[in-house]
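# Residue-level structure breakdown
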Amino acid sequence: MSAVMITRKVRKWEKLPGKNTFCCDGRVMMARQKGVFYLTLFLIAGTCALFFAFECPYLAVHLCPAIPVFAALLFLFVMAMLLRTSFSDPGVLPRALPEEATFIEMEIEAANGNVPAGQRPPPRIRNVQINNQIVKLKYCYTCKIFRPPRASHCSICDNCVDRFDHHCPWVGNCVGKRNYRYFYLFTLSLSLLTIYIFTFDIVHVVMRKYPLTVLEVLVCFFTLWSVVGLTGFHTYLISLNQTTNEDIKGSWSGKNRGQNPYSHKNIIKNCCEVLCGPTYPSVLDRRGLLQEDSTLVSSMTMSTVVYLQKTTAPLIPNEHTPDDAKPSIASSAEKSASPKEEHPAATKFPPLASPETDAETSIAKERAH
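Conventions used here
- Residues numbered from 1 in each chain as written.
- Predicted model: local features only at pLDDT ≥ 70, side-chain atom pairs only at ≥ 80, totals over all residues.
- Heavy atoms only, no water.
- Helix = DSSP H or I, 4+ residues; strand = E, 2+ residues; numbered from the N terminus.
- Buried < 20%, exposed > 50% of the residue type's maximum accessible area, 1.4 Å probe, protein only.
- Contact = heavy atoms within 4.5 Å.
- Areas by Shrake-Rupley, 256 points an atom, 1.4 Å probe, with all protein chains shown as cover.
- Salt bridge = Lys/Arg side-chain N within 4 Å of Asp/Glu carboxyl O.
- Expected span 1.5 Å × (residues − 1).
- Pairing = 2+ DSSP bridges.

## Let's talk about the overall build of the protein chain
Per the secondary structure count, the protein chain includes ten helices and eleven strands. Per-residue burial over the protein chain gives 33% buried out of 369 residues. Taking contacts inside the protein chain between residues at least 6 apart in sequence as the whole, the part at least 24 apart equals 63%. With an accessible surface of roughly 24,100 Å², the protein chain has 63% of that area assigned to carbon and sulfur atoms.

Here is the structure:
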């Protein structure tokens, strides 16, 4: 057996761990569970399609021609924010390389010392100071890193996400540092679109009493409370500069909890930081090139091939052999024949005597005498 090393270049997103899916050569990044995301697209597009098909023609003629124009602009903005939230990197942190993980393990063992057998080792925590307040950095056993402040490991995507807010199945992605503002703009614009359609559906029912509009009113009515309520909740969190994960865990509430070190104690400043802050670049470098070495194992060596070529007997053409193959087979058979196998020429002997030849000979002698 022989092995051949082949080196090829691949994109880094093809080798990234975690439970994410990538499209468009790594430009689109989503979670693997995308069924609810497709349902979101269907509900938004279906409701707007019914509104444009049945209500807008009547309202544009009898009420105002700007109604379908404003609804179309609002619909396009909602879809843009939804796709921007779903297809972007939420702030996934790269995992430690094997050398880095080994070095971190050595540092932790040196800091903790020898732990007696049967005793539980101390928690792997580092303390940092932010705005005169101690914040704990927890160690992630999956990613082999100390998570930055406000980061958390998503069990669905199996990645550590910076400034992790929550995993939203409706958008098919995590919501974190890099896509939170787009998520909030999506919920806010969707609330406005739902209120807009709900209002003019009621107007259409009053003016025309169209039965299909009643169905849209019911759908918008039940959707309105959930979407508007979600937008209000995130508006409250933005005013405090707090995440959903921190609010659920009660990180900055309770008697023994300190104050939020990330809050500016001003609603306008908190909103400006979250919604108008800089756009952070991705630290994954998904479309970077990476060299991968692969081993190709051959089934036989060259010496084996030569040996088989020497020992293989030539084929002898017969009645089943195709006509095209007979000349090549015959020529190969002539070339394969060795000098030792050639038979020497037969020696010519005089013909044996017969009774007729003996009688003719005796008669000729008598005449001669």
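That was the structure; now back to the text.
## Some remarks on the pattern of salt bridges
In the structure shown here, the tally under the stated rule is nine salt bridges. A salt bridge links Arg 11 to Asp 25; its shortest N-O distance comes to 3.5 Å. In this pair, Arg 11 sits in strand E1 (residues 2-11) while Asp 25 sits in the loop between strand E2 (20-23) and strand E3 (28-31), placing the two residues 14 residues apart along the sequence. A relative accessible area of 29% places Asp 25 in the partly exposed class. Here Asp 158 makes a salt bridge to Arg 95, at a shortest N to O gap of 3.3 Å.

## Describing helix H1 (residues 35-62)
Taking 1.5 Å of rise per residue, the 28 residues of H1 would be expected to cover 40 Å, and the 40 Å separating its terminal C-alpha atoms lies within 8% of that figure. Every buried residue of H1 is listed here: Phe 37, Thr 40, Ile 44, Thr 47, Cys 48, Phe 51, Glu 55, Cys 56, Tyr 58 and Leu 59.

## Describing the sheet that holds strand E5 (residues 133-140)
One open sheet accounts for three strands, arranged E4-E5-E6; its pairing is antiparallel. On the outer flanks of this sheet lie strand E4 (125-130) and strand E6 (145-146), each paired with one strand and no other. Inspection of the sheet shows E4 paired to E5 by six bridges, in the antiparallel sense. When the bridges of E5 are listed, Gln 129 appears paired with Ile 134.

## Quick notes on the side chain of His 234
Structurally, His 234 can be placed in helix H5 (residues 211-240). For His 234, a relative accessible area of 1% translates into the label buried. When residues no more than four places from it in sequence are discounted, the contact partners of His 234 are Asp 165, His 166, Tyr 180, Phe 183, Tyr 184 and Thr 244.

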